[in-house]
Structure formats: structure tokens, C-alpha cells
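As a plain string of letters, each chain reads:
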Amino acid sequence: MYRPQLSILQTFTPKTHLPLSRDRVWLIEQGIVRTFTWSDSGYLTILGIWGQGDIVGLPLSPTTPYQVECLTSVAVAEVPLGSQSRYWQELLLTHLWRSQELFHILHNPQMTDRLLALLHWLAQRFGQSTPQGLLLDAILTHHQLAETLGSSRVTVTRLLSRLEQQGKIVRLRKQMAYGASPRTHRALLLPAVTEERISVGT
């Protein structure tokens with residue numbers, strides 16, 4: 001598919017927020033971000049987790065306030081609004097699909113299933129496939145997982161331990177090599193046998 005010429009890449013560091021404007025969106029070329037809003041009482045609601053090929057920005061959400069936080073180092077380019085090109089339409093459709101996938105996961109009534117489905121969704125999008133299963137670096141802390149799920153950090157930590165005891169995840173407690181890349185103790189392996197049983201709305 002034809003890709004129009006985009007603006008010069010801009011880079012941002014982890015934990016910074018992308019500058020936002022009503023007349024532009026950002027195309028993520030590298031890295032991972034999350035979008036969120038919050039209530040008057042400070043309760044955070046996660047609107048999405050986005051990576052390479054996704055677009056984020058104020059024109060894509062009616063929610064106020066709205067912020068885009070970098071979870072990793074990020075490289076982004078501006079995309080003009082109002083384009084009728086097939087490329088722009090594909091970007092919008094992908095944004096809608098990703099939002100629906102996450103919406104489906106977060107409305108699972110069982111918190112354990114919700115957490116496991118979220119981990120698989122993240123691993124399918126941002127992880128690496130290995131003979132043992134899906135390998136996911138820790139792009140979200142326990143606290144950020146809890147914010148995404150609408151739960152508490154204590155609950156997420158407890159459920160991760162339960163999933164590990166059940167053999168549904170493997171937490172790498174020391175540096176190990178899977179494929180070509182060494183992984184830290186914060187990485188997760190989701191065994192292939194579990195992968196077949198989990199639906200993330202795709």
C-alpha cells in the first residue's frame with residue numbers, strides 16, 4: 001500500500017507525554033505508548049496501548065482530559081488530518097480494531113481471566129514467538145497492569161503468582177536467552193499450550 005511522505009521523526013523518552021493538538025495525530029514508528037484519561041477524583045482510565053503502526057492523538061478521542069504517555073523510548077511522525085487516502089483509512093480502522101480488542105478484554109467478568117487475556121494480547125502485539133510460547137518483556141509494571149484492568153497492584157501481583165503456580169505463565173527470574181535476545185528477570189513466557197486456550201477478542 002502506498003504510504004505518503006510523513007514529517008521528520010521526533011523522539012521521546014519513557015514516562016514523557018506526547019504534545020497534543022486538535023489538528024494532528026501521531027503515527028508511532030517505534031516504541032510503545034498508552035493513552036488515558038482521569039476523573040476529578042484522580043481515578044485513571046486506560047484508553048489504549050499502542051505500538052508501531054498505530055496512531056494516537058486528540059482527534060481520535062472525545063475524552064477530556066486525554067494524555068499519551070511513552071512506556072518506552074518512542075519515535076513518532078505527524079500525520080495530517082482530512083486525508084482521503086487508503087493509507088489514512090487503514091490507520092483509522094486499525095485504531096478502531098485495537099480499541100475494540102482491549103474493550104473486549106477489559107469486560108471479562110473474571111479478573112484472573114482478564115489479566116491472562118491482557119498478557120496474551122500484549123504478547124501477541126509486542127512480544128516474540130518462541131518454540132516454548134510467547135515471550136513478553138515487562139512493558140507494564142504491576143501498577144500499570146492494575147490501572148489498565150481497573151484493579152489494584154496488590155491484586156495483580158497476587159494473580160500473577162497464582163497464574164505462575166498454575167503453569168499459565170513463567171516469570172523469568174534470572175537472565176535467560178530465548179532466540180537471539182537475552183531477557184531480564186521481568187520478562188514473562190506464556191506457554192504455547194495456554195496460548196491456544198486464550199481468546200483476546202481477535
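The structure under discussion appears in the preceding block.
Numbers given to residues run from 1 along each chain, matching the order in which its sequence is written. Owing to the predicted nature of the model, reporting of local features is limited to residues with pLDDT of at least 70; listing and counting of side-chain atom pairs is limited to 80 or more, with chain, interface and lining totals taken over all residues. Remark: hydrogens and water are excluded; side-chain values derive from all non-hydrogen atoms of the structure.

1. Some details on the overall build of the chain
Consideration 1: A count of helical and extended segments in the chain gives five helices and 13 strands.
Consideration 2: Across the 202 residues of the chain, 44% fall into the buried class.
Consideration 3: A contact between two residues is defined here by any heavy atoms of the two lying within 4.5 Å. Residue pairs at least 24 apart in sequence account for 67% of intrachain contacts in the chain once pairs closer than 6 positions are excluded.
Consideration 4: Here the chain has roughly 10700 Å² of accessible surface; of this, 52% comes from carbon and sulfur atoms. Think of it this way: any DSSP run of H or I at least four residues long counts as a helix, any run of E at least two long counts as a strand, and we number them from the N terminus. Buried residues are those whose accessible area, probed at 1.4 Å on protein chains only, stays under 20% of the maximum for their type, while exposed residues exceed 50% and partly exposed ones sit between those limits. Calculation of accessible area relied on Shrake-Rupley with a 1.4 Å probe; when residues are assessed, cover is drawn exclusively from the protein chains displayed.

2. What to know about the sheet that holds strand β7 (residues 74-80)
Consideration 1: Pairing between two strands is assigned when DSSP locates at least 2 bridges connecting them. Strand order in the open sheet formed by four strands is β1-β7-β2-β5, and the pairing between neighbours is antiparallel. Since the sheet does not close on itself, it has two edges, and those belong to β1 (10-12) and β5 (55-56), each with one partner.
Consideration 2: Alignment of β1 against β7, held across three bridges, turns out to be antiparallel. From the neighbouring strand, Thr11 faces β7, where its bridge partner is Ala75.

3. Notes on helix α4 (residues 153-165)
Consideration 1: By this rule the span expected of a helix is its residue count minus one, scaled by 1.5 Å. The end-to-end C-alpha distance of α4 is 19 Å, a good match for the 18 Å that 13 residues give at a rise of 1.5 Å each.
Consideration 2: Buried within α4 we find Thr155, Val156, Leu159, Leu160, Leu163 and Glu164.
Consideration 3: Residues of α4 that are buried in the fold lie against α2 (111-126), α3 (142-149) and β10 (170-171).
Consideration 4: In the stretch just after α4, Gly167 is the one whose phi turns positive, near 80 degrees.

4. Some details on unusual backbone geometry
In most cases, non-glycine residues show a negative phi, while peptide bonds are predominantly trans.
Consideration 1: Thr64 connects to Pro65 through a cis peptide bond whose omega is 0 degrees.
Consideration 2: With respect to the helices, strands and loops of the structure, Pro65 is situated in the loop between β5 and β6 (67-70).
Consideration 3: Phi is positive for Lys15, which is not a glycine, with a value near 75 degrees.
Consideration 4: Here Lys15 shows up in the loop between β1 and β2 (24-30).
Consideration 5: Under the relative-accessibility criterion, Lys15 is labelled exposed at 70%.

5. Here's the deal with the nonpolar core
Consideration 1: Put simply, a nonpolar core is a bunch of buried Ala, Val, Leu, Ile, Met, Phe, Trp, Tyr and Cys residues held in one set by side-chain atoms that sit within 4.5 Å of each other. Ranked by internal contacts, the top residues of the largest apolar core, which has 31 residues, are Ile49, Leu118, Leu119, Leu122, Leu145, Ile169 and Leu190.
Consideration 2: Looking at this core, the elements with two or more residues in it are β4 (44-50), α1 (86-106), α2, β9 (133-136), α3, α4 and β13 (188-191).
Consideration 3: With eight residues, α2 is the largest single contributor of residues to this core.
Consideration 4: With residues up to four places along the chain from it excluded, the contact list for Ile169 reads Leu116, Leu119, Leu160, Leu163, Glu164, Leu188, Leu189, Leu190 and Pro191.
Consideration 5: If you look at the next biggest cluster of nonpolar residues, it comprises 13 residues, including Val33, Trp50, Tyr66 and Val76.

6. Observations concerning the sheet that holds β4
Consideration 1: Taken in spatial order, the three strands line up as β4-β3-β6 in an open sheet, and their pairing is antiparallel. Of all the strands in the sheet, the pair left with one neighbour each is β4 and β6. For this sheet, the mean angle separating the axes of adjacent strands, direction not counted, is 30 degrees.
Consideration 2: Inspection of the sheet shows strand β3 (residues 33-38) paired to β6 by four bridges, in the antiparallel sense. Residue Thr35 lies in a different strand from β6, and its bridge partner there is Val68.
Consideration 3: Together, β3 and β4 form the strand contacts of α3, whose direction differs from that of β4 by roughly 105 degrees. Here an axis means a line fitted to C-alpha atoms, over the contact stretch when the element is a helix, while the angle between two N-to-C directions is reported on a 0 to 180 degree scale.

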